[in-house]
Amino acid sequence: MIMHARVALLWALVSQGALGAVFAPVPKLDSASATFFRRGTTNIVAIQGDGLGSANEFHATGTGVRAVPLPPAPSAVSVEGTAGGISVQSSNPEKAGSIQFIVAADAVLGAHELRVAGPGGVSNPLVFQVSDIPEIVEPMQGKGWDDAPLVAMPTGISGKIGASSESDYFKFHAMAGEELLFDVQANRTGSPLDATLVLLDAKGTEVARSEDGNGLDPFLVFTPKAEGDFVVRLSDARYQGGGDYRYHLVAGPLPYVESLFPFGGQRGSTVDVKFMGHRLAGTDRLNLALAADAPLGRQDLRARTPMGSSNPIGFEVGDLPEIPESEPNDAADKANAVNGATVVNGRIEKPGDVDVFRFKSPADQKWVIEVSARRFGSPLDALLTLMDAKGAVLQRNDDAVGLDARIEFDAKKDVEYLVQLRDLTDRGGERFGYRLSFRMPDTTPDFSVKANAGRIRLHRGGWVAVRCDVARRNGFDGIVRVGTGGLPPGVSAIPLALGNGAEGGWLLLGATEDALGTNFPLRIGASAEAGGRAAMRDVAMNEAGWLTLLPPAPFSVDVAQASASVEQNATTMLDLAVTRRAGFDGEVKVMGEGVGGVNIATLVLPPGKSRGQLSLNAAYNAATGTRPLLVRAEAGVDGQTLVQPAPRAVDLTVRGIPLFATAMLPGSPFFRTDAVKLSAAALPTNSTSAANSTEFVVKVERRGFEGEVALALEGVPAGVTATVQPVAAKGREASIRLLATDKAEAGKEHDLVVVATYAHEDRTWRQKTQPVKLQILAAPTETAVVATNAVPVAKPTP
């Protein structure tokens, strides 16, 4: 009884025109007053966006962080006018709000996401960063040495270069001999700022400068010779600025890892890793134990010291055996031997250095040799060369993945190959490290599924369609089933099954009218049988999945047919019905999507009309086979466009035709289907002029039928005669000649159509070509008239 009362209340709101309140907008987050926070702190953060007034949920991802909404705070300043009638306008709660962002002492360092949610859905994420140093938002910056704000180090400063030619200044006090680092994070995080960092001493003299230390971001290590005050000046190298020219400056006596070596190791092993950087507590080597079940792939490492945690740096965990490169190996007779699938950890140790490896394959098979260097911060611009045992070059590659090289080749059993690696510009040094992998490409049949969705809104009593596309690899031909579990009560899914050859389809989610709740995390999965085993895969979504339940939509659509078929170059119809609920009588548009090569005209159902037919026209070259077709309806409701799909997809089968005919001008190099335009002059039948005749050809594309094709010409006007020949068996074209006599009505254009007829597999097939437009011209007087595509006429003998 309570449920029915709740549904009735919702529809009462709809019928009273209160849709603006019922269908609340999706909240949007634009910016926050601060985005960097220290562990163990509680922070008041102002957020800006749209649709925030109805937000009642705040979701922060990651361990150790949470967000709590704060009530609007009254302005600390009021005004009093002598005549009254003037007051302070409070901020618009739809556009701005405040939260308390609480960071635990053991919160995970790095990026966390904040989303807000309300009746209309879940917002986009704002990224917050957790650090272990004091964080401040750019104070009122000065314009030079004298009024630069004093900051205590270590610190992280979040700021922006807000206008052209603007510079930010910060003053700090430093002790003699104390190593300080300054790391600007801007361009590498998406900011357009091309920063320049300058240090000034007490006299205003430049003592250090950096521009492109980390890509386009400055990085500077500075050790003062004497105690004193210094100033940091930060600006854009091109003197530009704006609201999005943001930066985060980390400054102080902090640990920093510039590089490490090797860049990875095999899980289940212990790896001796050398750390290169600053203030690492006197430690430059660490033995890293990689657990046997450590996650494969890249992860970020931080060095934790008594001074705090360093910056993150990439490290890869693999499952192949690993060996070190051994010098000298700069020539074929000194090449390091590589046996089977292996990862080599090496360096181009000095300018001009070359590393050579000797390799044999145990069988005839494909191999991949790949360099991983730049992706781990190495300055190496790898040039990779594959040679035979005599040094003859077989393949060479420079940039395959960014500036990292990759070669794939078919190796012969027990044939010796040489692999050479060097820097493209012959640079080298201690930090020119690399990982060189020798591996066979993965040939295991497998699949993955991607959904073109993230935040999904579902109306109670209705459906929502999620497009899912499957990618098959290495000959995988199994059935892939897509579904979702853990749905809230009242929400269900119609699983999607994708057979061999199917590229994608729609997962349909539906909700009863009395389903409870508003916003729920959503996860979609896919399953199949691969290699005799059940394989489960997460479906990749555009962003973190969320499902929002909305009040019932005021209309729905259904289609009568569960399946339909259409031949190429033909049309079929689907019967549709739209149901409008009480309080809504607006126009509804119905359309279809999902089948390439099939043109689907939008069906418009005006107020008062609820039934119609959707026309499906298959192109002459539409791909054959069965694919799902989604029918959906949309309508404008209270300023919003609402979309409702039919509760099931239609299985549309496109059938091939044995032949396709088209009209063309003679000699056309392409198979064309556009209209043919001809002209001829109305002349007596005994005229020797070529102006009264024209011709075109009918070309056929045979798709299984090789017999004769009869041709007939429809729409020939009075006074025009046509000479029509059939297309001979196994032929590809036939000519049609038109002759205009003085009986033809001049000044008119006529549409002619060729009908091709043939018998194939106990069926008579008929197909009409596109129009042939014939313009009848008036008889010439003094100036000769030449017909379009005129047929040459022999001159009489004198």
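Residues numbered from 1 in each chain as written. Predicted model: local features only at pLDDT ≥ 70, side-chain atom pairs only at ≥ 80, totals over all residues. Heavy atoms only, no water.

Asker: Quick question: what am I supposed to make of the sheet that holds strand β23 (residues 297-301) here?
Answerer: Strand pairs in the sheet, formed through backbone hydrogen bonds, run parallel or antiparallel to each other. Strand order across the open sheet formed by 3 strands is β20-β26-β23, with mixed pairing between neighbours. Here the strands that pair on one side only, and so sit at the sheet edges, are β20 (264-266) and β23. The sheet shows a mean angle of 30 degrees between the axes of neighbouring strands, taken without regard to direction. Of the strand pairs in this sheet, β20 and strand β26 (residues 313-318) are connected by 3 bridges, and their pairing is parallel. The partner of G265 across the bridge, within β26, is V317. (Pairing = 2+ DSSP bridges. Helix = DSSP H or I, 4+ residues; strand = E, 2+ residues; numbered from the N terminus. Axes fitted to C-alpha atoms, helices over the stretch in contact; angles between N-to-C directions.)

Asker: Please explain the pattern of salt bridges as it appears in this structure.
Answerer: Two side chains of opposite charge can pair, provided their charged atoms sit close to one another. Enumeration according to the criterion identifies 41 salt bridges in this entry. The closest approach of N and O atoms between R702 and E706, which form a salt bridge, is 3.9 Å. Since its relative accessible area comes to 34%, E706 is described here as partly exposed. It is possible to trace a salt-bridge network through shared partners that takes in E370, R375, D404, R406, E408 and R439. (Salt bridge = Lys/Arg side-chain N within 4 Å of Asp/Glu carboxyl O. Buried < 20%, exposed > 50% of the residue type's maximum accessible area, 1.4 Å probe, protein only.)

Asker: Would you mind going over the pairing of strand β36 (residues 433-439) with me for this structure?
Answerer: Among the 7 residues that make up β36, 6 are buried, leaving the element largely enclosed by the rest of the structure. For strand β29 (residues 342-347) and β36, the ladder comprises 6 bridges, and the chain directions are antiparallel. Opposite T342, over in β36, you have F438 as the bridge partner.

Asker: Would you mind going over the environment of T189 with me for this structure?
Answerer: If you trace the backbone, T189 turns up in the loop between β13 (180-185) and β14 (195-200). You can call T189 exposed: its relative accessible area is 60%. Here the side chain of T189 touches A186 through a polar contact of 2.7 Å, landing on its backbone oxygen. (Polar contact = N/O pair within 3.5 Å; in protein donor to acceptor, adjacent residues only side chain to side chain.)

Asker: What am I meant to see in the side chain of S191 here?
Answerer: Within the secondary structure, S191 is located in the loop between β13 and β14. You can call S191 buried: its relative accessible area is 9%. For S191, the side chain forms a polar contact with the main-chain oxygen of R246, separated by 2.9 Å. With residues near it in sequence (within four places) discarded, S191 still touches A186, D244, Y245 and R246. (Contact = heavy atoms within 4.5 Å.)

Asker: In this structure, what is going on with the side chain of Q767? I would like to understand it.
Answerer: By the secondary structure assignment, Q767 is in strand β66 (residues 764-768). We classify Q767 as buried; its relative accessible area is 9%. Here A661 takes part through its backbone oxygen, which lies 2.7 Å from a polar atom of the side chain of Q767. In this view, Q767 contacts N569, L659, F660, A661, V754, V755 and A756; residues no more than four positions away in its chain are not counted.

Asker: How should the nonpolar core be read in this particular structure?
Answerer: Core analysis: the biggest nonpolar cluster contains 32 residues, and F696, V709, L711 and L738 have the highest contact counts within it. Looking at this core, the elements that each hand over two or more residues are β59 (659-664), β60 (676-681), β61 (693-702), β62 (710-714), β64 (733-740), β65 (749-759) and β67 (772-777). Residues within four places of L738 in sequence aside, it is in contact with L678, N692, S693, T694, F696, L713, V720, T721, A722, L752 and L774. Within the second largest apolar cluster, 31 residues are counted, among which are V449, V482, A511 and M541. (Core = buried A, V, L, I, M, F, W, Y, C linked by side-chain atoms within 4.5 Å.)

Asker: Even after reading the chapter, I still don't get the sheet that holds strand β63 (residues 720-724), so can you show me in this structure?
Answerer: Across the sheet, which stays open at both edges, the 4 strands sit in the order β59-β61-β64-β63 with antiparallel pairing between neighbours. The open sheet has two free edges, formed respectively by β59 and β63, since each of these has just one partner strand. Averaged over neighbouring strand pairs, the angle between their axes works out to 20 degrees when direction is ignored. Across 6 bridges, the pairing between β59 and β61 is antiparallel. Bridge pairing links A663 to V698 in β61.

Asker: Would you mind showing me how to read the packing of aromatic side chains here?
Answerer: Think of a pair of aromatic rings as described by two things: how far the centres are apart, and how the planes are tilted against each other in angle. Considering all chains together, one arrives at 19 aromatic pairs under this definition. Where F172 meets F182, the ring centres are 5.5 Å apart and the plane angle is 50 degrees; that geometry is what we call tilted. With F172 in strand β12 (residues 167-174) and F182 in strand β13, the pair connects residues that are 10 residues apart, well separated along the chain. In terms of burial, F172 and F182 fall into one category: buried. Through a chain of ring-to-ring contacts, three or more aromatic side chains come together here, namely F172, F182, F222 and F230. R347 extends its terminal NZ or CZ atom over the ring of F261, reaching a point 3.9 Å from the ring centre. In this structure, R537 packs its charged tip against the face of F447, placed 5.4 Å from the ring centre. (Phe/Tyr/Trp six-rings, centres within 6.5 Å; stacked < 30°, edge-to-face > 60°. Lys NZ or Arg CZ within 6 Å of the ring centre and 35° of its normal.)

Asker: Teacher, can you tell me more about the environment of S687 here?
Answerer: The residue S687 is located in the loop between β60 and β61 in this model. Given the relative accessible area of 25%, S687 is considered partly exposed. When the C-alpha atoms of S687 and Y245 are compared, they prove to be 80 Å apart, with 442 residues separating the residues in sequence. One polar contact links the side chain of S687 to the main-chain amide nitrogen of S689, over a distance of 3.1 Å.

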